[in-house]
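What follows is the residue order along each chain.
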Amino acid sequence: MKALLVYLLLGNDNIISTSFKVLIELISDENMEKNRTELVFKLGNKLIKFAQYKLMQEQDNIKSNDKDYRLYYLFKIISYDNIYKLLDNISEQVKFEVGESIIRIIGDKTI
């Protein structure tokens, strides 16, 4: 559920562009060990942090009446505070699952 919430907050366009940006940064980082587990975990962690940023940004947009209706309807189902609490308490396993899902999608779709 928490991973799905991250995907909903980011949307397709943000997931794709952010994932490629993060993957290139991580692969280029000389200090990072080049193993799949670390790459997957760091990708998931960065996507979750970006989802938290998007959540705060959208809260400001709603106040200024410049809203993303996809997220506006999500807030009608789950309150902003509950979403924020869910994202703030994501386990290491969920971070890994988010990264793993994106890596798997990228790998499956680039053949």
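Computed from a prediction, not measured in an experiment: that's the story for all the values here.

What follows deals with the overall build of the protein. Across its full length, the protein carries 5 helices and 0 strands. Beginning at the N terminus, the succession of helices and strands in the protein can be written as α-α-α-α-α. Taking all 111 residues of the protein together, the buried fraction comes to 40%. A separation threshold of at least 6 residues defines the contact pool for the protein, and within that pool the share at least 24 residues apart is 77%. As displayed, the protein has an accessible area near 7100 Å², and 54% of this comes from carbon and sulfur atoms.

Tallied over the full model, the rule gives 2 aromatic pairs. Ring plane angle 20 degrees and centroid distance 6.0 Å describe the contact between F50 and Y53, whose orientation is recorded as stacked. With F50 and Y53 both in helix α2 (residues 36–63) and 3 residues apart, this pair spans about one turn of that helix. With centroids separated by 6.4 Å and ring planes inclined at 25 degrees, the aromatic side chains of Y80 and Y84 adopt a geometry described as stacked. Separated by 4 residues within a single helix, Y80 and Y84 lie in helix α4 (residues 80–88), roughly one turn from each other.

Applying the stated criterion to the full structure yields 4 salt bridges. The partner of E92 in a salt bridge is K95, and the shortest N-O contact between them spans 3.4 Å. Here K95 and E92 lie together in helix α5 (residues 92–109), a separation of 3 residues that amounts to about one turn. Residue E92 is classed as partly exposed on the basis of its relative accessible area, which comes to 46%.

Counting through the fold element by element, S91 comes out in the loop between α4 and α5. Relative accessible area serves as the criterion here: at 34%, S91 is assigned to the partly exposed category. C-alpha separation for the pair S91 and K2, spaced 89 residues apart in sequence, amounts to 9.5 Å.

This next bit is on the side chain of S19. As for its position among the elements, S19 is in helix α1 (residues 2–28). Filtering out sequence-adjacent residues up to four positions away, S19 remains in contact with N14, L43, L47, I102 and I106.

With that settled, the discussion passes to α1. The α-helix advances 3.6 residues per turn, and as a result positions three or four apart in sequence lie on the same side. Along its 27 residues, α1 runs just 29 Å from first to last C-alpha, ending more than 12% under the 39 Å computed at 1.5 Å per residue. The largest bend along α1 reaches roughly 100 degrees and is located at G11.

Running from N to C, α1 and α4 point in directions that differ by 115 degrees, and their axes come no closer than 10 Å. Pair α1 / α4 crosses with left-handed handedness. Of the residues in α4, those in contact with K2, L5, V6 and L9 of α1 are I83, L86 and L87. Among the residues making up the contact of α1 with α4, the classes are represented as 6 nonpolar, no polar and 1 charged.

Conventions we followed
Residues numbered from 1 in each chain as written. Predicted model: local features only at pLDDT ≥ 70, side-chain atom pairs only at ≥ 80, totals over all residues. Heavy atoms only, no water. Helix = DSSP H or I, 4+ residues; strand = E, 2+ residues; numbered from the N terminus. Buried < 20%, exposed > 50% of the residue type's maximum accessible area, 1.4 Å probe, protein only. Contact = heavy atoms within 4.5 Å. Areas by Shrake-Rupley, 256 points an atom, 1.4 Å probe, with all protein chains shown as cover. Phe/Tyr/Trp six-rings, centres within 6.5 Å; stacked < 30°, edge-to-face > 60°. Salt bridge = Lys/Arg side-chain N within 4 Å of Asp/Glu carboxyl O. Expected span 1.5 Å × (residues − 1). Bend = angle between axes of the 7 residues up to and from the residue. Axes fitted to C-alpha atoms, helices over the stretch in contact; angles between N-to-C directions. Left-handed = near helix turned anticlockwise from the far one by under 90°. Nonpolar A, V, L, I, M, F, W, Y, C, P; charged D, E, K, R; others polar.

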